[in-house]
Amino acid sequence: MREREQLQQTLNQMDGSGYGAYKRLVGRYDLGACDLVVDHVQSDPYAPPSSIRAVVSLAESSVPAEATATREQRTAVADFLARDLAARLAEASRDLRITRPGQEVLERSSVVIDGDAVEVRMTASLPAAGRRVKGRAAARLLTEELPRLIEDSALLEGMDRERLDEHVRLHLDQLDLYGQLAERGLIAFVGDGAVLPRRSGVSDLPLEGGVAFRSPASLRTKFTLRSGRTVTGMGIPRGVTVIVGGGYHGKSTLLRAVERGVYPHLGGDGREWVLTVPDAVSIRAEDGRAAAGVDISPFISDLPSGADTAAFTTANASGSTSQATNLAEALEAGASALLIDEDTSATNFMIRDRAMRELIPAGSEPITPFVDRVRALFDERGVSTVLVAGGSGAFFPVADHVVAMDTYVPEEVTEHARRIAARHAAQDDAAEAPAAGAFARSGERIPARGCLRSEERKPPRARGRETIQAGKEDIDLAYLPQLVDGAQTAAIALLLERVGASLDGETSLGEAVRRALEALEEEGLDSLTGPRRIRGDLALPRRHEVHAAVSRHRRLRVR
Ligand code: ADP
Ligand code: MG
């Protein structure tokens, strides 16, 4: 008898048994179209669903061997297959699930092309009547629905070669463009024709009828990519770029697209040619966050509480101190560019106008505003800034480029803004020049040995995109706009354990995170769980979001 019929028979015979009988399913079965591997069986009908895998040999699949030669190709092909399966399951099944990818093409664990096989990781809700096994329904689910799904999908019969090739070609061209940004001296590229606005505040899909992006002539640049394709668009150069314009003219929408441009987007997203250096970090105010030993002294000193701002520690930061903390941590994690929107900034962190400088003398004001430091950040540390500032011209004198948004269309107005800034400087007496060397000290934080370990033995666990539960405390990640997917959060939760274990009282936080991520990139997402607990719900995070999660851990203690 074939294994498929055997499994069918086993399930039929289980019908009516206690739910625990399903545990016997753990193992591997040849179902014809695919092999089924049952890795983990849920303990009762209300527990998280069971983990299964469908495995198809690469040679028998419709995936062309030449499309899986490199890691980059495999990422794109796996992404294509995962989207195809997710779309089919959304329509066809309530009991089989695959983690649904968002608009970004990320390295994920839901579909893995490894050696000579394609592996699809899914969950199955094994059917129950009360707390009893519904054997016949389970047999239909696992021996009929599942193989039919795989058969019909892009893995086999449902492959559309042209679409696959286009998907892979786009991905490789995007990676090529990322690689060319540095040699062109750019930190971001926004393609002509891009559609930046989203359908709504809660949808990441493109706005229908959105006005297509058009680069100002002075910033237009052209790339020739590996497939031979050429793209044109606005290059945002290294240095300080200020985006201005009237309210509701599309400033924040542009910045948000640049922020997301650290990840490649799929074709049709509207942002597939918005590409930003992968180590650009969005900085915002986040009052209420915790901080441990962060050097915010370039921005804040002499707090009335007497707190040491070279090793700022709090359970509850204010608007300005939280933004300074976020910025200092981004530098610690190696950011080469900062992205800042007035909408989500603390005004007193960003600027201070003349009248206020007159009323409150520098000696009584702990804050050196960002406007006084943004130049030094670039000149002394090579860190660029893209900034949205519609409400203040304070940044004109320190900007390399000023771009004005007018009805969603950008125009370069650098010269005009400079002339205005020069006139104002002449009228003002004694505009004080900020002191150099503020960023000379590099505050490498050394966490105390084992400080992240909790009394409870439970490992940290992700709850959606925004939260990681670590012991009794929640780590709040809601204000990390470049953490884009719950699957990344799930991977960060697992990484926290690794990073925590490597804190020996001598390793710096930056180094611990860097090492953990290097190992992950080298060994792949499965290395986070090991072969006994394979998961399909992980995606590769950036170093910056891992660093941010550790930094928000309320148990973090710095020596
Ligand atoms: P600002 O930051 O300049 O005040 P926003 O970026 O918040 O403006 O945009 C204001 C509104 O305009 C938003 O609802 C946004 O979705 C919409 N919008 C932005 N860019 C475009 C565009 N290119 N085409 C159509 N609508 C847009
Ligand atoms: Mg705005």
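All figures in this text were calculated on a predicted structure; none of them were measured in a lab. (Residues numbered from 1 in each chain as written. Chains lettered and ligands numbered in written order. Predicted model: local features only at pLDDT ≥ 70, side-chain atom pairs only at ≥ 80, totals over all residues. Heavy atoms only, no water.)

**Student:** What exactly am I supposed to notice about the coordination of the magnesium ion (ligand 2) here?
**Tutor:** Working reference: metal with six octahedral donors, ideal angles 90 or 180 degrees; metal with four tetrahedral donors, ideal angle 109.5 degrees. The protein atoms that coordinate the magnesium ion (ligand 2) are Ser252 (OG) and Asp343 (OD), at distances of 2.1 to 2.3 Å. Of the two residues, Ser252 sits in helix H5 (residues 251–260) while Asp343 sits in the loop between strand E19 (337–341) and helix H7 (347–350), which places them 91 residues apart along the sequence. (Donors = N, O, S within 2.8 Å, 3.2 Å for Na, K, Ca; no water. Helix = DSSP H or I, 4+ residues; strand = E, 2+ residues; numbered from the N terminus.)

**Student:** For this particular structure, what's the right way to read the sheet that holds strand E12 (residues 220–224)?
**Tutor:** Hydrogen bonding along the main chain pairs the strands of a sheet, whether they run parallel or antiparallel. Spatially, four strands are ordered E12-E13-E9-E15 in an open sheet, and the strand pairing comes out antiparallel. The open sheet has two edge strands with one neighbour each: E12 and strand E15 (274–276). Strand-to-strand twist of the sheet, defined as the mean angle between neighbouring strand axes without regard to direction, takes the value 35°. Judged from the three bridges that link them, strand E9 (residues 186–191) and E15 form a sheet pairing that is antiparallel. Each bridged residue has a counterpart across the sheet, and for Val190 the counterpart in E15 is Val274. (Pairing = 2+ DSSP bridges. Axes fitted to C-alpha atoms, helices over the stretch in contact; angles between N-to-C directions.)

**Student:** Got a minute to help me understand the site of ligand 1 in this structure?
**Tutor:** In the vicinity of ligand 1, 13 residues are found, and the nearest of them are Val211, Tyr248, Lys251, Ser252 and Thr253. Here an oxygen atom of ligand 1 and a side-chain polar atom of Ser252 are 2.9 Å apart. When isolated, ligand 1 has an accessible area of 560 Å², and the protein chains bury 79% of it. Taken together, the residues that form the shell around ligand 1 break down as five nonpolar, seven polar and one charged. (Near = heavy atom within 4 Å. Polar contact = N/O pair within 3.5 Å; in protein donor to acceptor, adjacent residues only side chain to side chain. Areas by Shrake-Rupley, 256 points an atom, 1.4 Å probe, with all protein chains shown as cover. Nonpolar A, V, L, I, M, F, W, Y, C, P; charged D, E, K, R; others polar.)

**Student:** How do you make sense of the side chain of Arg271 when you look at a structure like this?
**Tutor:** Along the chain, Arg271 turns up in the loop between H5 and E15. Owing to a relative accessible area of 3%, Arg271 belongs among the buried residues under this scheme. Residues in contact with Arg271, not counting those within four places in the same chain, are Gln103, Val195, Leu196, Arg198, Asp204, Ala257, Arg260 and His265. (Buried < 20%, exposed > 50% of the residue type's maximum accessible area, 1.4 Å probe, protein only. Contact = heavy atoms within 4.5 Å.)

**Student:** Would you take a moment to explain the domain arrangement of the chain for this structure?
**Tutor:** For an interface, size is often stated in terms of accessible area lost upon the parts coming together. Under the domain assignment, the chain is made up of domain 1 (2–159), domain 2 (200–443) and domain 3 (461–551). Its C-alpha centre places domain 1 at a distance of 26 Å from the equivalent point of domain 3. On the domain 3 side, the residues contacting the 15 residues of domain 1 number 15 residues. Taking both partners together, domain 1 and domain 3 bury about 1,200 Å²; carbon and sulfur atoms supply 45% of that area. It is Glu107, Ser109 and Arg121 in domain 1 that bury the most area against domain 3; as a group they hold 38% of the surface buried on that side. (Domains from an automatic or database assignment. Buried area = accessible area lost by both parts, 1.4 Å probe.)

**Student:** Just to check I follow, could you spell out the nonpolar core for this structure?
**Tutor:** Within soluble globular proteins, side chains that are nonpolar generally end up buried alongside one another. Ranked by internal contacts, the top residues of the largest apolar core, which has 53 residues, are Tyr22, Leu25 and Leu146. Mapped onto this core, the elements with two or more residues apiece are helix H1 (3–14), strand E2 (35–40), strand E3 (50–57), helix H2 (71–92), strand E5 (111–114), strand E6 (117–124), helix H3 (135–152) and helix H4 (161–181). The dominant element in this core, judged by the number of residues it contributes, is H2, at nine residues. Residue contacts for Tyr22: discarding those within four places in its chain leaves Leu11, Met14, Val41, Leu126, Pro127, Val133, Lys134 and Ala138. Membership of the second largest hydrophobic core comes to 44 residues, among which are Val371, Ala376, Leu387 and Ala399. (Core = buried A, V, L, I, M, F, W, Y, C linked by side-chain atoms within 4.5 Å.)

**Student:** So what exactly am I meant to see when it comes to the environment of Leu177 here?
**Tutor:** Along the polypeptide, Leu177 turns up in helix H4. Setting aside residues no more than four positions away along its own chain, Leu177 makes contact with Phe189, Phe223, Leu225, Val231, Trp273 and Leu275.

**Student:** How do you make sense of the pairing of E9 when you look at a structure like this?
**Tutor:** In terms of burial, E9 is largely enclosed, as six of its six residues are buried. Where E9 and strand E13 (residues 230–237) come together, five bridges link them in antiparallel fashion. When the sheet's bridge partners are listed, Val190 is paired in E13 with Met234.

**Student:** Sorry, what's going on with the environment of Val118 here?
**Tutor:** Along the chain, Val118 falls in strand E6. Judged by its relative accessible area of 0%, Val118 falls in the buried class. Sequence-distant contacts of Val118, that is, excluding residues within four places in its chain, are made with Ala54, Val55, Val56, Leu58, Ser61, Leu81, Val111, Val112, Ile113 and Leu155.

**Student:** Explain the sheet that holds strand E25 (residues 473–476) to me, please; I cannot follow it from the model alone.
**Tutor:** An order of E23-E24-E25 is seen for the three strands of this open sheet, with the pairing classed as antiparallel. Looking at which strands have only one partner, the edges of the open sheet turn out to be strand E23 (461–463) and E25. The average angle at which neighbouring strand axes cross in this sheet is 30°, direction not considered. The sheet contacts of helix H11 (residues 486–502) involve E23, strand E24 (467–470) and E25, and relative to E24 the element is tilted by about 25°.

**Student:** Explain the layout of surface pockets here, please?
**Tutor:** Remark: the empty space left among the atoms is shown by a probe the size of a water molecule rolled over them. Considered as a void within the structure, the second largest pocket measures approximately 1,100 Å³ in volume. Around the second largest pocket sit 36 residues that line it, and Pro48, Ser51, Arg533, Arg535 and Asp537 are the ones nearest its centre. Among the secondary structure elements, those contributing two or more residues to the lining of the second largest pocket are E2, E3, E6, E23 and H11. The element contributing the most residues to the lining of the second largest pocket is H11, with six residues. Residues belonging to the lining of the second largest pocket are distributed by class as follows: 15 nonpolar, eleven polar and ten charged. Residue-level mapping places the lining of the second largest pocket at the junction of two domains, with at least three residues from each of domain 1 (2–159) and domain 3 (461–551). (1 Å grid on protein atoms, 1.4 Å probe; cavity = no way out; pocket = protein on both sides within 12 Å on 5 of 7 lines; lining within 4 Å. Points joined across faces, edges and corners; volume = space filled by probe spheres on them.)

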